[in-house]
Structure formats: C-alpha cells, structure tokens
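Structural features, examined
Here is how the chains run, residue by residue.
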Amino acid sequence: MSKRKSLTGGIFIGATALSAFLIIAVIIVLLVVIILGGKGTFSWEFLTAFPTDGMMKGGIFPAIYGTALLVLIMSVAAVPFGTITAIYLTEYASEKSILAQTIRFAVRTLATVPSIIFGLFGLGFFIKFVGGGMDNFFLGGELKWGQPNILWASLTMALLTLPVVIVSVEEAIRTVPRELREASLALGATKWETIKRIVLPGSRAGIMTGTILAVSRGAGEVAPILFTGAAYYLATLPTSLSDQFMNLGYHIYIMATQSANVDQTLPIQFATTMVLLMLTFMLNLTAVIIRARLRRKAK
Amino acid sequence: MKETKIKTKNLTLFYGAKMALNSISVDIPENEVTAFIGPSGCGKSTFLRTLNRMNDLIPGVKITGEVLVDSLNIYDKQIDVVNLRKKIGMVFQKSNPFAKSIFENVAYGPRINGITDRKKLEEIVERSLKNAFIWEEVKDRLHDSAMGLSGGQQQRMCIARTLAVEPEIILMDEPASALDPISTAKIEELIFELKKNYTIVIVTHNMQQAARVSDLTAFFYLGELIEFGKTKKIFTSPDKKQTEDYITGRFG
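Residues numbered from 1 in each chain as written. Chains lettered and ligands numbered in written order. Predicted model: local features only at pLDDT ≥ 70, side-chain atom pairs only at ≥ 80, totals over all residues. Heavy atoms only, no water.

**Quick notes on the overall build of chain B**
The helix and strand tally for chain B stands at 10 helices and 10 strands. Expressed as a percentage of contacts within chain B between residues at least 6 apart in sequence, the contacts between residues at least 24 apart total 67%. For chain B, the computed accessible surface area is about 11300 Å², with 50% contributed by carbon and sulfur atoms. Treating the 35 positive side-chain charges of chain B as one cloud and the 32 negative ones as another, the clouds have centres 3 Å apart. (Helix = DSSP H or I, 4+ residues; strand = E, 2+ residues; numbered from the N terminus. Contact = heavy atoms within 4.5 Å. Areas by Shrake-Rupley, 256 points an atom, 1.4 Å probe, with all protein chains shown as cover. Lys, Arg positive; Asp, Glu negative; His and termini not counted. Charge placed at Lys NZ, Arg CZ, Asp CG, Glu CD.)

**Remarks on the overall build of chain A**
A count of helices and strands for chain A gives 12 helices and 2 strands. Traced from its N-terminal end to its C-terminal end, chain A shows the element sequence α-α-β-β-α-α-α-α-α-α-α-α-α-α. In terms of overall dimensions, chain A has a C-alpha envelope of 80 × 70 × 35 Å along the principal axes. Buried residues in chain A amount to 42% of all 299 residues. Intrachain contacts of chain A at a sequence separation of at least 6 include 73% that bridge at least 24 residues. (Buried < 20%, exposed > 50% of the residue type's maximum accessible area, 1.4 Å probe, protein only.)

**Points about the packing of helix α3 (residues 61-92) of chain A against helix α6 (residues 150-174) of chain A**
Residue and element names in this part refer to chain A. At a minimum axis separation of 6 Å, α3 and α6 run at an interaxial angle of 40°. Looking at the two axes, α3 sits oblique to α6. Crossing angle aside, the handedness with which α3 passes α6 is right-handed. Looking at the contact of α3 with α6, its residues break down into 22 nonpolar, 7 polar and 3 charged. (Axes fitted to C-alpha atoms, helices over the stretch in contact; angles between N-to-C directions. Parallel < 35°, antiparallel > 145°, perpendicular 65-115°, else oblique. Left-handed = near helix turned anticlockwise from the far one by under 90°. Nonpolar A, V, L, I, M, F, W, Y, C, P; charged D, E, K, R; others polar.)

**Looking at helix α7 (residues 178-186) of chain A**
All names here are of chain A. Among the 9 residues in α7, 7 count as buried, and that is most of the element. Among all positions of α7, only L180, R181, E182, A183, S184, L185 and A186 are buried. Positioned one or two residues after α7, G188 has a phi angle of 90°, which is positive.

**Quick look at the nonpolar core**
With 57 residues, the main nonpolar core has M74(A), I225(A) and F245(A) as its most contacted residues. Of all the elements in the fold, those that place two or more residues in this core are α3, α4 (98-112), α5 (115-138), α6, α8 (191-202), α9 (204-220), α11 (248-257) and α12 (266-298) of chain A. For this core, the element with the most residues is α6(A), which contributes 12 residues. Setting aside anything within four residues of it in sequence, one finds I225(A) in contact with L70(A), A153(A), M157(A), A230(A), F245(A) and N247(A). One finds V125(B), M157(B), Y198(B) and I200(B) within the second-largest nonpolar core, a separate group that totals 44 residues. (Core = buried A, V, L, I, M, F, W, Y, C linked by side-chain atoms within 4.5 Å.)

**Structural notes on the pattern of salt bridges**
Any two side chains of opposite charge can pair if their charged atoms end up close together. Overall, the coordinates contain 24 salt bridges over all chains when judged by the stated rule. With a closest N to O distance of 2.8 Å, E170(A) and R104(A) form a salt bridge. Residue E170(A) is located in helix α6, and its partner R104(A) is located in helix α4; the two are separated by 66 residues in the primary sequence. Among the residues examined, R104(A) registers a relative accessible area of 18% and is labelled buried. Across the salt bridge formed by K5(B) and D70(B), the nearest N and O atoms sit 3.1 Å from each other. Of the two residues, K5(B) sits in strand β1 (residues 4-15) while D70(B) sits in the loop between β4 (61-69) and β5 (72-73), which places them 65 residues apart along the sequence. Judged by its relative accessible area of 5%, K5(B) is buried. On the basis of relative accessibility, which here comes to 32%, the residue D70(B) falls in the partly exposed class. Residues participating in the shared-partner salt-bridge network are K5(B), E30(B), D70(B), K87(B) and E168(B). (Salt bridge = Lys/Arg side-chain N within 4 Å of Asp/Glu carboxyl O.)

**Re the sheet that holds strand β8 (residues 199-203) of chain B**
One key point about sheets: their strands pair by backbone hydrogen bonds, in either a parallel or an antiparallel sense. Residue and element names in this part refer to chain B. The sheet built from 6 strands is open, its strands ordered β6-β7-β8-β3-β9-β10 with mixed pairing. In this open sheet, the two strands that pair with only one neighbour each are β6 (88-91) and β10 (224-230). Ignoring which end each strand starts from, the neighbouring axes of this sheet average 15° apart. Taken together, the 6 bridges between strand β9 (residues 216-221) and β10 define a ladder with antiparallel strand orientation. Residue pairing for β10: T217 is matched across the bridge by G229. Across the face of the sheet, helix α6 (residues 151-163) comes into contact with β6 and β7 (169-173) while running at roughly 170° to β6. (Pairing = 2+ DSSP bridges.)

**A look at the environment of K241(B)**
Residue and element names in this part refer to chain B. For K241, the location among the structural elements is in helix α10 (residues 241-247). Looking at K241, the relative accessible area reads 56%, which means it is exposed. Linking K241 and I226, residues 15 residues apart in sequence, is a C-alpha distance of 9.7 Å.

**Some points on α5(A)**
All names here are of chain A. For α5, the principal kink sits at G122 and spans about 30°. Along α5, the positions that sit buried rather than exposed are S115, F118, G119, G122, F126, I127, G131, G132 and D135. In this structure, the buried residues of α5 make contact with α4, α6 and α10 (223-226). Positive phi shows up at G140, right after α5, with a value of about 60°. (Bend = angle between axes of the 7 residues up to and from the residue.)

**Notes on the packing of aromatic side chains**
Evaluation of the coordinates by the stated rule reveals 14 aromatic pairs over all chains. Both rings, one in F125(A) and one in F129(A), keep their centres 5.7 Å apart while their planes meet at 25°; by these two values the pair is stacked. Highlighted residues: F125(A) and F129(A), both in helix α5, separated by 4 residues, approximately one helical turn. Taking the relative accessible area as the measure of exposure, F129(A) reaches 58% and is therefore exposed. With centroids separated by 5.2 Å and ring planes inclined at 65°, the aromatic side chains of F36(B) and F220(B) adopt a geometry described as edge-to-face. Taken together, the positions of F36(B) in strand β3 (residues 33-37) and F220(B) in strand β9 put the pair 184 residues apart, joining distant regions of the chain. Accessibility assignment for this pair places F36(B) and F220(B) in one class, buried. Positioned above the aromatic ring of F192(B) is the side chain of K195(B), whose terminal nitrogen or guanidinium carbon lies 5.1 Å from the ring centre. (Phe/Tyr/Trp six-rings, centres within 6.5 Å; stacked < 30°, edge-to-face > 60°. Lys NZ or Arg CZ within 6 Å of the ring centre and 35° of its normal.)

**Describing the sheet that holds β4(B)**
Residues and elements named next belong to chain B. Pairing is antiparallel across the open sheet formed by 4 strands, whose spatial order is β2-β1-β4-β5. Edge positions in the sheet fall to β2 (18-29) and β5, since each of these pairs with one other strand and no more. Sheet topology note: the β1/β4 ladder contains 8 bridges and is antiparallel. Across the sheet, residue L13 finds its bridge partner in β4, namely I63.

In short, the description is geometric, and any link to function would need to be established separately.
Okay, structure coming up:
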C-alpha cells in the first residue's frame, strides 16, 4: 500500500517536472530556431533599409517605423484616457456604486475580447462611422478619412490596450499611502490638488509600467490593424494621420502567406520575427523591473 | 479661564452601526494645550479627527451633534471644509513627509494657497522651520529630499509644514509616539512654545507627556468622555474612579 502510494507520488512529481520542462523547452526551441533562421539576415542594414526586389530582399525599416508610430499614437490616446479612468475608479467612485462596478466589468470584458473583434469594431466604428461621417460632413463625400489609416489603427489598438493601462495605474495609485493624502488634505488642499500634486507623482512608475506593457502588447498584435490601416507594401513612410503604414507583425504574416516565394523570404521572416521578439522582450523586461521596484516601495 | 476656541455639543459618531463617540461635549480654550488621553480604541483619535472633519474621508461615518470653532458649526452645510482645514492644522502620528525636498514640503501649503512668489515662499519656509525648531539642522540642505531626515526631524518638519499654512489651531495625533526620548523632548518643548500663538489639541498615549505639556486633560473611555478638567487636577485628584484607575495604571 505504502509502496503503491509512493509510486503514484513519484509519478505525479515526475509529471509536474516534465510539464515544467516542456514549457522551458518550447521557449528554448522557439528562440534557437528563430535566431538560427534569422541571424544570417539580421544586420544594421536590415533594420534601416526599405524592402527591395518585390520584398524578396532588403530591410524592414518601414515596418519598424510604422510599428513605432502606431504605438506612439496609441499611447497618446490610451495612456491619458486610461489614467483618468483609473483615477475615477480609485479616487472618486465608491467601491459599491453601480457605475464603478459597471466600469470594472467593462474593463475586464474588454481585456478578454478576441483581438480580431477589435479589428472589426475599428473598421465599423472608426473607418465607416467616424471616418465616413467626417468625409461626408467636411469633404462633401470625398474619400479621405473613411478608409484604413494609421490614426484609426492606433485608436483601435488603444481600445485593446486600455485595460492594461487602467489596471497598472489603479495598482500604482493604491500604493500611494493614505497618510500622504491626509497630510495634503489637512494642509487645506482640495481633493483634486491632492491627486495632482501627491497621488499622480507618486504613481509615475505605475503609469510608466502601464504604458510600456501597452506598447509591448500593441507592438505585437496584428489582428486589430488588419482592416484598419496596415499596408502590404509602401514605398514611402507615413507622413500624415490619414496615411497607411507597414507593421512588423503584419509584415511577418504577409511574408509567410502572400510573398511571391515564401521559401525564399524565409530568412527575412525569421529576422523580422527576431526583431519583433527582441522589441517586446525588452519592453516587457523594462516594465517588470519598474513594477518590481514599485512593489518593493509599496511594502 | 481663557476664551473657548472649540466647543463640541453632544457630538456622537458612528462607524456603520458601531458607536465610536457617545455625546461628547467639551470646551477647548484658546492658546492652551488640551490633551486627550485614554486606552486604545477609546475614541480619542476619532474625536480629534472630527475637529477638522478628517473623518469625512472614511466611508460609513455618521456624525450628529455640533462642533463649534469660533462659534461657527463646522458641520454646517455652508462651511467650506478646505478653508476649515487651513485654519485647523493637523500633525499625524506617523511623520508623513511628501517625497519632495524639505523646501517643497513646507512650501506645499502656501503654494496651494496660490503663493508663487519665490521670495515670499522662502520667507515662509524659513519662518516655519524656525518656529518648528528645525531650521538650524536643515538650513543647508533645504533642497534635499525630506525622506533623508531622521524620524524626529521629519516630524518637526511636518509641524513646520503645518505652521506654514498659518493655522489658528493645531491638532496633534500622538505626534511623538514613534520617536526616541530626545526627539520627544524636542517636540514637547516645541508644543510649549507654540501654545503662545496657537490653540493645541494633542492626543497621547503617554500620560507623563500629557501631564508635562498640557493645561487641560480629557480622559476618554469606550467612546465616552469620562472626565475633563485642569491637568493638575486630573492627575492629582480626579473626580471619577475610572480616571484614577487609568492614571495610576490599574487598567489600560
């Protein structure tokens, strides 16, 4: 009996160790394959040059530039909006109010919506409804805003990353000690002055973490920009909000499915994947470090 | 007896369903030090916090009765609580400097009052730090972070920060309970100086401290005001048996 027990125990331990090992193995294999496949193509030139020869050769600069611009515009929209929402939820709404609970429910739901749905929403709402409406109203029906562009893509992405910002900023605001708020109020500051001068400066690290996590998520997602602004190939960089743009994730998808010769562009796919992975890894690492420091400070 | 600065009438406070203060009526005189003593949970800190409406921030608090400051009911709907708190400063149990420089900490109150003139701010900061007996220790590092000060220095800086708003009343919630004896002595000396210009109400756990610094003492027990009178009398010949038991250390 006891032998049997120790046997099942041993099997169980073995199974858990194997599962854990498998996860690590997957990551290692993934990284090794990508690096081996991409390292021959990866170079300074690859990062800074335009694609050439019908995208069979050359670099991925427009995709890097487009991704950077996308996450920048996305942040400009998502960070202030998310921060203000977090301030409302933590400072003004009472925990039990129906409005606060509804907002929390909405934020949680938003975080679980499949990203392609955001893409479709962006197409329907931003491009057809807002953009189309703007064209009809301001331009007498001439097509300018009612088609995919970097603005609509960024705003769509901002909706997707909003929950990340809200949750991070909320967490940071909660780490600002009650004693500091009381000190400020006792000196005759209003609630808003206290938020502006004490709470928000004390939450800087959290706002930063939220921004970085949102950027890292936004840099990697493709589905939301599929219909809303990403372009297959552009000979020039976007210069206006109504321009389309190239994007790293979308570029990988294009190269792997639409390129004239998928096998021949394989090294470019690997190298692009490498760039995207490095980018998101570095962003996440920075966020983890800032967040760890924030949590330590809270204790 | 000096003129009454703060007067409470049948002040009762509930946290949800729990009664924390039961019909407290006291007259706190101007330019004197009034101490609140009593065992933990007796309501003395809660009572102190009703005097500048700090309890407003806590959900579920219900207050009845009146608190009159200069004969005005501070719970009246007409009262601007922000202005009220400028008039009634508060020093907390745990020193709570902002993560800013010493200068910016002290200048915080004047700044939110709209003072932007650098000269004027410097003047206020210097005067406040001097009045809090800490100027000499910090005058060469005004722009260093206040977090670098010792606990006792932080607390005196927090008092300076309160003085910078030029209040008339200073509420102190166990201001020395986290400090070493030397820092405590400095704070007590400071309280003695401050009462010339301010009305001071201090909550303390330390009975010797109450006996040393205060002119009047109120003894609280289980949300009731048991006895209130001249400190000398409370500590030598209290009227109530409970007061005597507490002061002689038989409970609490």
